[in-house]
Amino acid sequence: MTARILVVEDERAIQVALRGLLVRTGYDVTLASDGREALDRLAEGPFDLVLTDLSLGKGPSGMDVLKASKEVREETAVVMITAHGSEKIAVEAMKAGAEDYVPKPFDNDEIRVIVARALERRRLERENRLLLERIQRDTGFERLIGSGAAMRDVFATIQKVAETDLTVLVRGESGTGKEGIAQALHNVSNRKKRPFVAVNCAAISRELVESELFGHEKGAFTGADSRREGRFEAASGGTIFLDEIGDMPRETQAKVLRVLQERTFERVGGNQSVEVDVRVVAATHRDLETEVREGRFREDLYYRLKVVEIELPPLRERLEDLPALCARFLEQVAERLERDKKQLSPEALARLGRHPWPGNVRELRNVIEQAAVLSTGDVIEEADLNLRASSAAGEAAASVDTGHSFSEAKKSAVESFERNFLLQALRENDGNVSRTAQAIGMVRQSLQQKIRDLDLRSEDWSQNGEPGGPKS
Ligand SMILES: Nc1ncnc2c1ncn2[C@@H]1O[C@H](COP(=O)(O)OP(=O)(O)OP(=O)(O)O)[C@@H](O)[C@H]1O
Ligand SMILES: [Mg+2]
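Being a predicted model, the structure only gives us computed values, none of them experimental. Each chain has its residues counted from 1, following the order in which its sequence is written. Note on labels: chains are lettered from A, ligands numbered from 1, in written order. With the structure being a predicted model, the display of local features is reserved for residues of pLDDT at least 70 and the display and counting of side-chain atom pairs for 80 or more, all residues being used for whole-chain, interface and lining totals. Hydrogens and water molecules were not included; the side-chain quantities draw on all heavy atoms of the structure.

Undergrad: Even after reading the chapter, I still don't get the packing of aromatic side chains, so can you show me in this structure?
TA: Each aromatic ring pair is summarised here by two numbers: the centre-to-centre distance and the angle between the ring planes. Working definition: rings of Phe, Tyr and Trp (its six-membered ring) pair if their centres are within 6.5 Å, and the pair is stacked with planes under 30 degrees apart, edge-to-face with planes over 60 apart, and tilted otherwise. Going through the model one piece at a time under the given rule, you end up with 5 aromatic pairs. Taken together, a centroid distance of 5.3 Å and an interplanar angle of 45° make the contact between Phe 214 and Phe 265 tilted. Of this pair, Phe 214 sits in helix 8 (residues 206-214) while Phe 265 sits in strand 9 (residues 264-266); the two residues are 51 residues apart in sequence, bridging distant segments of the chain. For the pair formed by Phe 214 and Phe 265, the shared burial category is buried. When the centroid spacing of 6.2 Å and the interplanar angle of 45° are considered together, the rings of Phe 232 and Phe 265 count as tilted. Residue Phe 232 is found in helix 9 (residues 231-234), and its partner Phe 265 is found in strand 9; the two are separated by 33 residues along the sequence. Taken individually, Phe 232 and Phe 265 each receive the classification buried, so the pair is uniform in this respect. An aromatic cluster is present here, built from Phe 214, Phe 232 and Phe 265 joined pairwise through their rings. Definition used: whenever NZ (Lys) or CZ (Arg) falls within 6 Å of the ring centre and also within 35 degrees of the ring normal, the charge is taken to sit over that ring. Positioned above the aromatic ring of Phe 47 is the side chain of Arg 4, whose terminal nitrogen or guanidinium carbon lies 4.2 Å from the ring centre. Strands here mean DSSP runs of E at least two residues long; helices mean DSSP runs of H or I at least four residues long; both are numbered from the N terminus. For every residue, the accessible area (1.4 Å probe, protein chains only) is compared with the maximum for its type, and the residue is labelled buried under 20%, exposed over 50%, or partly exposed between those bounds.

Laid out in C-alpha cells, this is it:
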C-alpha cells in the first residue's frame, strides 16, 4: 500500500521540490502551503507521514500541525523541517512526538532516508501493536472456555485479582490450561502492555536454572563471557510465569522467595542487588502439600505463592465444556489449514464424552486436530477419533515423575503406554488375541508374550471384569 504523505511548506520552490522527490520515490503526496490548510487536509483523513516546516508564517505553526497530526492518528509519523540554528525547537518537537527533523538546507538523499526510516519505524510499531492485540485476543480471558461452576469460579477469581499484583498459584493436572490462565491473568492486569515471560522450571537443568532466572555476571562460570540478563529482568514491569515451580531445586526456591519478599536478587556470580518490578504467577501439577511435607518444597515459599490459588478441574470433571472446546479447536484447525470448519457427529461427541482424558484439554485438542486432518468427510465420525493412542500418550504424559532416573522414568512411561494400548485393543476385540494382534499389527506369539510380561489379566480387559484367560 502506497504511503500517504502530507507536505506542509510555505516556500513554493521547496514545496514543489519535495513533492517531486517524494512522488518519484513512490509516495502519494498532498501539499499544504500553511498551517490552516494543513489542519484542513488532516481533518479529511489520516496520513502515514507529515513532513512540515516548523515556521509557517501567520496562523497555526509546525508545532500545531504536529499536535493535530497526532490527534488524528497517534501513529502518524511527523518529520519537522527546521531553519538553521533552531535545533532547540527541534528537540522540543521531538519531545512532543515528532519522529525526526531535517535542518535546512537539506539534500534529497537526506530527506529520502529520513522519510523511509520514519515510515518503516511506524510500520513496525503498528505490526507489533496488531500482533500484541491478536495475541491478547487469542490468549485473552474471553477466549478461555468454561461454563461449569468450577470454571466460572476460576474466571471470577481472575476478575477479582485483575487489577492487583497479587502472586497467584495455578494448579491442575497436565493440559488443564494453567498456562492459558497465567496469560489471561497478565492480559487483564495493568501490566498487559509489558512483557509476559514464561519459564518452565522442569525443563531447565539444575545447574542452569539460576542463571536462567536471575542472569549472570561476566566470568560467573566457564562460558559466561559477558553479563547476561535473566528472565526476571526480562519480565521487568510485566509478569513472570514460573511454570512447574514444584520441580524447582530447593536452593533456587530460596532466591525466588527473596524476590517475592524484597523484590531484589543478585545475578549469578554477582553481589550487586538488582531491583525488579514483576508480578509472579506460578503453576504446578504436583501435590505441593506432599512436596512440602517431604521436604522437597520450602514451606515459606509455598505460603508466599498461594496468596491467591486457582485450581483447574480436570477435563473429565467439566465435560459440559466438551462441545464448546471441540468447536473452538475445529475452528482453529480450519483457520490454520484454510479449510471449511468440520462438524462432529452426535455419536463422535458422545464417544468423546466417555473418554477419561488423562491429558485433559491438550489431549482433546490433539484428538480433534488429528481427526479434522485425517477424516475425509465434512463430518467427523466416531471411527475418525483416535482415542487409543491419545489416551495412552495422555496417561504417559500425565504420569511423568522426575524423582526417578531418566531411563527408569522412560521405562515406566513406555510400560504404562503399552499397558493402556494393549488393554484398549483387547477390549475392542473382546479379548481375542489373534484378532487383536491382527488389528494392531503384531504377531500373535509376541502379543501373548507381552501380555505375560506386562502381567495383563483377562479381568483387566473383559467388559464385565469376569476372569477367563485370553481367547486364542
Ligand atoms: N479453558 C480453555 N479454553 C480453551 N482452550 C483451552 C482451555 N484450557 C486449555 N486450553 C488449551 O489446551 C492446551 C493446553 O493448555 P496449557 O498448555 O495451558 O495446559 P497446562 O496446564 O499448562 O499443561 P502442562 O501442565 O502440561 O504444562 C492449550 O492449547 C490451551 O490453549
Ligand atoms: Mg503448562
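After that view, the rundown keeps rolling.
Undergrad: Please explain the sheet that holds strand 6 (residues 168-171) as it appears in this structure.
TA: In spatial order, the strands read 7-8-11-6-12; together these 5 strands make up an open sheet with parallel pairing. Both outer strands of the open sheet, strand 7 (196-200) and strand 12 (308-311), are each paired with one neighbouring strand and no more. When strand polarity is set aside, the average angle formed by the axes of neighbouring strands in this sheet is 20°. Two strands pair if DSSP finds at least two bridges between them. Relative to strand 12, strand 6 runs parallel, the two being bridged by 4 bridges. Paired with Val 170 across the bridge in strand 12 is Ile 310. Axis definition: a line fitted to C-alpha atoms, limited for helices to the stretch in contact. Angles are taken between N-to-C directions and run from 0 to 180 degrees.

Undergrad: What is the right way to look at the site of ligand 1 in this model?
TA: For ligand 1, the set of nearby residues contains 20 residues, the closest of which are Ile 145, Ser 174, Gly 175, Lys 178 and Arg 365. The term polar contact refers here to a pair of N or O atoms within 3.5 Å; inside protein, the definition further demands a hydrogen-donor-capable atom paired with an acceptor-capable atom, and it admits residues adjacent in sequence only when both atoms are side-chain atoms. The contact in question runs from an oxygen atom of ligand 1 to an N or O atom on the backbone of Gly 175, over 2.8 Å. For ligand 1, an oxygen atom lies 3.3 Å from a polar atom in the backbone of Thr 176. Each accessible area value is a Shrake-Rupley result obtained with a 1.4 Å probe; residue values ignore everything except the protein chains displayed when judging cover. The fraction of the free accessible surface of ligand 1 (640 Å²) that becomes covered by protein chains is 83%. Listed by contribution, the elements that provide at least two residues to the shell around ligand 1 are helix 7 (178-187), helix 13 (322-337) and helix 15 (360-374). When residues are grouped by polarity, Ala, Val, Leu, Ile, Met, Phe, Trp, Tyr, Cys and Pro land in nonpolar, Asp, Glu, Lys and Arg in charged, and all others, Gly among them, in polar. A breakdown of the residues in the shell around ligand 1 according to their chemical character gives 5 nonpolar, 5 polar and 10 charged. Here the shell around ligand 1 gathers at least three residues from each of two domains, domain 2 (146-313) and domain 3 (319-393). Summary of the distance rule: residues count as near a molecule or strand when at least one heavy atom falls within 4 Å of that molecule or strand. Domain segmentation is taken from an automatic or database assignment of domains.

Undergrad: Hey, could you run me through empty space enclosed by the protein in this one?
TA: Over the atoms a probe the size of a water molecule is rolled, and this reveals where empty space is left. Buriedness for pockets is judged along seven lines, at least five of which must meet protein on both sides within 12 Å for an open set on the 1 Å grid over protein atoms alone, while cavities are sets there where a 1.4 Å probe fits but cannot get out, and lining residues have an atom within 4 Å of a point. Grid points are joined across faces, edges and corners, and a volume is the space filled by probe spheres set on the points. This model, assessed by the stated rule, comprises 1 cavity of 30 Å³ or more. Taken as a whole, the largest cavity spans an internal volume of roughly 60 Å³. Along the walls of the largest cavity sit Leu 330, Val 333, Ala 334, Leu 337, Arg 339, Asp 340, Lys 341, Lys 342, Ala 372 and Val 373, which together make up its complete lining. At the level of elements, helix 13 and helix 15 are the ones that each hand at least two residues to the lining of the largest cavity. Per-element accounting of the lining of the largest cavity gives the leading share, 4 residues, to helix 13. Tallied by class, residues from the lining of the largest cavity come to 6 nonpolar, no polar and 4 charged.

Undergrad: Help me understand the packing of helix 13 against helix 15 in this model?
TA: When two helices pack together, their arrangement is given by the angle between the helix axes and by the axis-to-axis distance. For the pair helix 13 and helix 15, interaxial distance at closest approach is 9 Å and the crossing angle is 50°. It follows that helix 13 is oblique to helix 15 by the angle criterion. Judged by the sense of rotation from one axis to the other, the crossing of helix 13 with helix 15 is right-handed. On helix 15, the residues that touch Leu 322, Leu 325, Cys 326, Phe 329, Leu 330, Val 333, Arg 336 and Leu 337 of helix 13 are Val 361, Leu 364, Arg 365, Ile 368, Glu 369, Ala 372 and Val 373. Reported orientations rely on four angle classes, namely roughly parallel under 35 degrees, roughly antiparallel over 145, roughly perpendicular from 65 to 115, and oblique for the rest. The hand of a helix crossing depends on one turn: near helix anticlockwise from the far one by less than a right angle means left-handed, and clockwise means right-handed. Residue contacts follow a heavy-atom distance rule, with two residues in contact if any of their heavy atoms lie within 4.5 Å.

Undergrad: Help me understand the sheet that holds strand 4 (residues 77-82), please; the structure alone is not making it clear to me.
TA: Hydrogen bonds between backbone atoms are what pair the strands of a sheet, whose relative direction is either parallel or antiparallel. As summarised here, the arrangement of the 5 strands in space is 2-1-3-4-5, forming an open sheet in which the pairing is parallel. What marks the edges here is a single partner per strand, and that holds for strand 2 (28-32) and strand 5 (100-103). Neighbouring strand axes in the sheet, compared pairwise and without regard to direction, differ in orientation by 20° on average. With 5 bridges joining them, strand 1 (residues 4-8) and strand 2 adopt parallel strand pairing. What sits directly across from Ile 5, in strand 2, is Val 29. Contacts from helix 3 (residues 62-72) reach strand 1, strand 3 (49-53) and strand 4 within the one sheet, and its direction differs from that of strand 4 by about 175°. Packed on one face of the sheet, helix 4 (residues 87-95) meets strand 4 and strand 5 and runs near 160° to strand 5.

Undergrad: Is there a simple way to explain unusual backbone geometry in this structure?
TA: Trans is the common state for peptide bonds, and a negative phi is the common state for residues other than glycine. Following Lys 104, the chain continues into Pro 105 via a peptide bond in cis, with omega recorded as -15°. Here Pro 105 shows up in the loop between strand 5 and helix 5 (108-139). A positive phi angle, near 50°, is found at Glu 338, a position not held by glycine. Mapping Glu 338 onto the fold places it in the loop between helix 13 and strand 13 (343-344). Judged by its relative accessible area of 73%, Glu 338 falls in the exposed class. Phi angles above zero are rare outside glycine, and Trp 357 is one such case at about 45°.

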